[in-house]
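Structure assessment
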Amino acid sequence: MHTKAHTVIPIQPVPYSRSRQAGESQTVLDQITKDFDDNPQAMQYFYDLFQKVYCQGEAVPHEGMLVGTTCIQAPEELIYAFGATPMRLCNGSYHYDQRGGDFMPAKSCSLVKATLGMLSAEHVIPNIGKPDLIVNPTTCDQKKKSSAMIEGLGYAVFDLEFPNVKESEASRVYWQRAVREFAQRLRTLTGKKLTRKNLRAAIAKIARAQVAFRKLHHFRQLSPSIILGKDAFLVTNAYFFDNIDSWTAAVEKLNEELAQREQDGIRAVQKKAPRVLFTGSPPIFPNLKLPLLIEESGGVVVADETCSSNRMLYDMTAVDEWWLNDMVDSLADKYLKPCTCPIFTKNDDRKRRLLELVNQFQADGVVYQAFAGCQVYEMEVKSVADAFNQAGIPMLYIETDYSPDDKGQMSTRIEAFLESLKAKKKRQA
Amino acid sequence: MNKNYFAGIDVGSTAIKVALVDEDGKMAGEHVTPSGSLFHKNSLAALADLLAQTGVQRERVRYLIATGYGRKLFKEADDSISEITANAMGAFETGKAYGGVRTIINIGGQDSKAIQIDDTGSVVHFVMNDKCAAGTGRFLDVAARNLELDLEELGEYHFKGTCAPLKINSTCTVFAESEIIGLLANGHGKSEIIAGIHYSIAVRTARLARRVGLEKHVYFDGGPALNKGLVAALQEELGCQIIVPEFPQTTTAFGAAILARNEFLAEVEDAH
């Protein structure tokens, strides 16, 4: 009797550049760079960065210890002051979203699933290596509950306690104490001391980045805008992982080129392109689905109120006295008081900020994205819609996730919305 | 005869609809054909069929606007526009005969929507069901197949029942299918099941309509508007009268044709 020998087929290792994660990133990056004409030359820095980091999986360098953050409420100034490097871990990949779905509830939000999916993966992209500590602010419930899961994946996690009520003095004091405890933890981690000089330098480092970012606003306030939203989102997205000083220099270079374009009368869009304010769940590369659909359909995203961009970089630390204690308190205030995250009980500030942005950027309408499963953004839609309705500003609400399968339906909605904005403009003219 | 014509082609998920209007914006012909799998080829054939039926030469069609899910595939069009804007215009024009329309309910093959328009036919606000075939034409297709009926028979059966309509609880087309099979297995009559299906769609659709705000008059179009049972259920749910046009399937194509006409006339005016 002849028996055939069983052979075990060995798994062929797939180089990162040929992985699904890389493929997804490459598709979106190609869309960003090739589907639009006349991109600013200074954007090349960012295109190359995303090409290297997301499409080729190149290692992202950092100085000192690495502290991962899962939310913008973690004061990065403190991390820099201890000679460590912060790295924002919030992830936008559909591939990681599906991976996170292996061990997280199907109804949790894509962002949280993708972030945990990435942390559970062999190739962590951006390829930052293993963070020495992950700081997880207790903001929304899903992030809160991620903490133990991230620990379960073998990471050291610090829960940074964040209040739910913004207006009360008790919250403010509670939060200031939480920030001090975070400083303590960083001290134990790095073995360094927090000094007045180092903290002041760290605040200045971030402030320089913020100034460069604010200057960029000017070119989006112009009508027609000189830079597209897809590029602006890529710029702020790079802030998540890029060396902050190189980032600031690259944004300043971009600002110079845009100033030249302004002088030369070069515009990013047609005069009548509907101007859109983007709010809600944050677009994070490669999930730039909605901003890209808006701009491919002839609209332009002129401003945003999201934690992957404007909310992350707009508000600056206001220090009265440059003493260590005052600086720490001012820092804490910066991360609490102007915050317009929907996790708070009331959202008067968010509504006010949105209306302010509509006016400052002459937006014709608003696109509100909520990731399916992101309860707080879903719950806040009604009050935000009412506020815009009262002000006579059209708003399109879209519930979606990272999967590309609803692109057809989404494009219909976005096109119809832009067509209605155009028609409204025409009537008013 | 050198009359100018304008066409709208609505490349939908289930059917391709073509409409032709003359310079006065009057409907000159309309045609409906299944989409099949070859959207582009079938769209070209649908247009050719309509031209043959009406005896209009292709070169007399001076402007053509494509709309619907497959609008981008129809490269022969002069322009494309979303089906929401086209639907609004079609209902606005058709609705003039009924004393004006402000709220539009559309149920298509794979989605349903409610649109609010202003007194110029422009879209003020719209909502759509979220990426799922619940409560759409596809849902009726599946139900008809389960009950071994033709789609056209569902409307009659709605009124035949002697018992109260059954409750269909599943919002998912796939799960609803097993629910229907379960009800049949329990010996329930077809007409009670069908009425239940219609009410289940009507409840979901009425919710969409209330979200955009109900304003007089309410207009109902799309293939499923041909189903009289569904119309009755929807009227009951909304608590108001609804207008169902003579050709509910071609409202959007007609709107695209009207927009094509307006665009052409505006361009001619610009040229002078």
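Residues numbered from 1 in each chain as written. Chains lettered and ligands numbered in written order. Predicted model: local features only at pLDDT ≥ 70, side-chain atom pairs only at ≥ 80, totals over all residues.

Quick word on the overall build of chain B
- Within chain B one finds eight helices and 10 strands.
- The globule rule puts the C-alpha radius of gyration for 272 residues at 19 Å, and the 19 Å found for chain B is close to it.
- The dimensions of chain B, computed from C-alpha atoms along their principal axes, are 70 × 40 × 30 Å.
- For chain B, the proportion of its 272 residues judged to be buried stands at 50%.
- At a minimum sequence separation of 6, the contacts of chain B that also span at least 24 residues come to 70%. (Helix = DSSP H or I, 4+ residues; strand = E, 2+ residues; numbered from the N terminus. Rg over C-alpha atoms; globule rule 2.2 N^0.38 Å. Buried ≥ 20, exposed ≤ 12 C-beta atoms within 10 Å, placed from the backbone. Contact = placed C-beta atoms within 7 Å.)

Quick look at the overall build of chain A
- Assigned secondary structure in chain A consists of 16 helices and eight strands.
- For 429 residues, the compact-globule estimate of 2.2 N^0.38 gives 22 Å, and the C-alpha radius of gyration of chain A, at 22 Å, lies within 12% of that figure.
- The principal-axis extents of the C-alpha atoms in chain A amount to approximately 80 × 80 × 40 Å.
- Across the 429 residues in chain A, those meeting the buried criterion constitute 49%.
- Intrachain contacts of chain A at a sequence separation of at least 6 include 75% that bridge at least 24 residues.

Thoughts on the nonpolar core
- Core analysis: the largest hydrophobic core is formed by 206 residues, its most contacted members being Val276(A), Leu277(A), Ala7(B), Ile9(B) and Ala257(B).
- Per element, the largest residue contribution to this core is 11 residues, and it comes from helix H6 (residues 190-212) of chain B. (Core = buried A, V, L, I, M, F, W, Y, C linked by C-beta atoms within 7 Å.)

As for unusual backbone geometry
Residue and element names in this part refer to chain A.
- Here serine 223 and proline 224 are connected by a cis peptide whose omega angle stands at 0 degrees.
- In this structure, proline 224 sits in the loop between helix H8 (196-221) and helix H9 (229-238).
- Look at the link from phenylalanine 285 to proline 286: it is a cis peptide, with omega at 0 degrees.
- By secondary structure assignment, the location of proline 286 is in the loop between strand S5 (275-280) and helix H11 (289-296).

Here's the deal with the sheet that holds strand S4 (residues 157-160) of chain A
Residues and elements named next belong to chain A.
- Taken together, four strands build an open sheet; the order of strands is S2-S1-S3-S4 and the sheet is parallel. Strands at the two margins of the open sheet, each flanked by one partner only, are strand S2 (85-88) and S4. Pairwise comparison of adjacent strand axes, ignoring direction, gives a mean angle of 25 degrees for this sheet.
- In this structure, strand S3 (residues 133-137) lies alongside S4, joined through four bridges in parallel fashion. Bridge assignment links isoleucine 134 to a residue of S4, and that residue is valine 157.
- Running at roughly 160 degrees to S3, helix H6 (residues 141-152) makes contact with S3 and S4 of the sheet.
- Docked against the sheet, helix H7 (residues 169-190) engages S3 and S4, running at close to 165 degrees with respect to S4. (Pairing = 2+ DSSP bridges. Axes fitted to C-alpha atoms, helices over the stretch in contact; angles between N-to-C directions.)

Digging into the interface of chain B and chain A
- With 14 residues of chain B at the interface, the matching set in chain A holds 13 residues.
- Those elements that place two or more of their residues in the side of chain B that touches chain A are helix H2 (83-95) and strand S8 (123-128) of chain B.
- Here the side of chain B that touches chain A is composed, by residue class, of six nonpolar, four polar and four charged. (Nonpolar A, V, L, I, M, F, W, Y, C, P; charged D, E, K, R; others polar.)

Digging into the sheet that holds strand S7 (residues 365-371) of chain A
Residue and element names in this part refer to chain A.
- Pairing is parallel across the open sheet formed by four strands, whose spatial order is S6-S5-S7-S8. Each having just a single partner strand, strand S6 (300-305) and strand S8 (395-400) make up the two edges of the open sheet. Recorded for the sheet is a direction-independent mean angle of 25 degrees between the axes of neighbouring strands.
- Of the strand pairs in this sheet, S7 and S8 are connected by six bridges, and their pairing is parallel. Each bridged residue has a counterpart across the sheet, and for glutamine 369 the counterpart in S8 is isoleucine 398.
- Across the sheet, helix H16 (residues 407-428) touches S7 and S8, and the angle it forms with S8 is around 175 degrees.

Here's the deal with the packing of H11(A) against H16(A)
Residues and elements named next belong to chain A.
- One can describe the packing of H11 onto H16 by two numbers: an axis separation of 10 Å at closest approach and a directional angle of 50 degrees. By the angle class used here, H11 and H16 are oblique. Note on packing geometry: the crossing formed by H11 with H16 is right-handed. Between H11, through Lys289, Leu290, Leu293 and Ile294, and H16, the contact on the second element is made entirely by Lys407, Met410, Ser411 and Ile414.
- Of the residues that constitute the contact of H11 with H16, the class distribution is five nonpolar, one polar and two charged. (Parallel < 35°, antiparallel > 145°, perpendicular 65-115°, else oblique. Left-handed = near helix turned anticlockwise from the far one by under 90°.)

Observations concerning the environment of Asp132(A)
Residue and element names in this part refer to chain A.
- By the secondary structure assignment, aspartate 132 is in the loop between helix H5 (110-119) and S3.
- With 16 C-beta atoms counted inside 10 Å, the residue aspartate 132 sits in the partly exposed group.
- Remark: the alpha-carbon pair of aspartate 132 and isoleucine 294, spanning 162 residues in sequence, is separated by 39 Å.

Focus on helix H7 (residues 228-238) of chain B
- Among the residues of H7(B), those classed as buried are Gly229(B), Leu230(B), Val231(B), Ala233(B) and Leu234(B).
- The secondary structure elements touched by the buried residues of H7(B) are helix H4 (153-158), H6, strand S9 (218-221) and strand S10 (242-243) of chain B.

Overview of helix H10 (residues 244-264) of chain A
All names here are of chain A.
- Given a rise of 1.5 Å per residue, 21 residues ought to cover 30 Å, and the 30 Å separating the end C-alpha atoms of H10 matches this to within 8%.
- Of the surrounding secondary structure, the elements contacted by the buried residues of H10 are helix H2 (44-55), H8 and H9.
- Positive phi appears at glycine 265, one or two residues downstream of H10, with a value of about 75 degrees. (Expected span 1.5 Å × (residues − 1).)

Some words on the environment of Val276(A)
Residue and element names in this part refer to chain A.
- In this structure, valine 276 sits in strand S5.
- Given 28 C-beta atoms within 10 Å, valine 276 falls into the buried group.
- It is 9.3 Å that separates the C-alpha atoms of valine 276 and glycine 229, two residues lying 47 residues apart in sequence.
- Once residues lying within four places of it in the same chain are set aside, the contact partners of valine 276 are Ile294, Gly299, Val300, Val301, Val302, Ala363, Gly365, Val366 and Val367.

Side note on the packing of H9(A) against H11(A)
All names here are of chain A.
- Where H9 meets H11, the axes come as close as 9 Å, and the angle between the chain directions of the two elements is 155 degrees. One element, H9, and the other, H11, form an angle in the roughly antiparallel class. In this structure, H9 contributes Gly229, Lys230 and Phe233 to the contact, and H11 contributes Pro291, Leu292 and Glu295.

Some words on the environment of Phe417(A)
Residues and elements named next belong to chain A.
- With respect to the helices, strands and loops of the structure, phenylalanine 417 is situated in helix H16.
- Here phenylalanine 417 falls in the buried class, since 29 other C-beta atoms lie within 10 Å of it.
- Distance in space between the C-alpha atoms of phenylalanine 417 and leucine 254 is 31 Å, their sequence separation being 163 residues.
- Setting aside residues up to four positions removed in sequence, phenylalanine 417 forms contacts with Gly365 and Leu396.

What to know about the pairing of S8(B)
All names here are of chain B.
- Note that strand S7 (residues 112-117) and S8 share five bridges and pair antiparallel. Pairing of glutamine 116 across the sheet is with histidine 125, part of S8.
- Adjacent in sequence and paired antiparallel, S7 and S8 are bridged by five residues, among which glycine 121 carries a positive phi angle near 90 degrees.

Quick notes on the confidence of the model for chain B
- Of the residues in chain B, 98% have a pLDDT of 70 or more, and the chain-wide mean is 91.
- With a pTM of 0.88, the predicted complex shows an ipTM of 0.80. (pLDDT = per-residue confidence, 0-100.)

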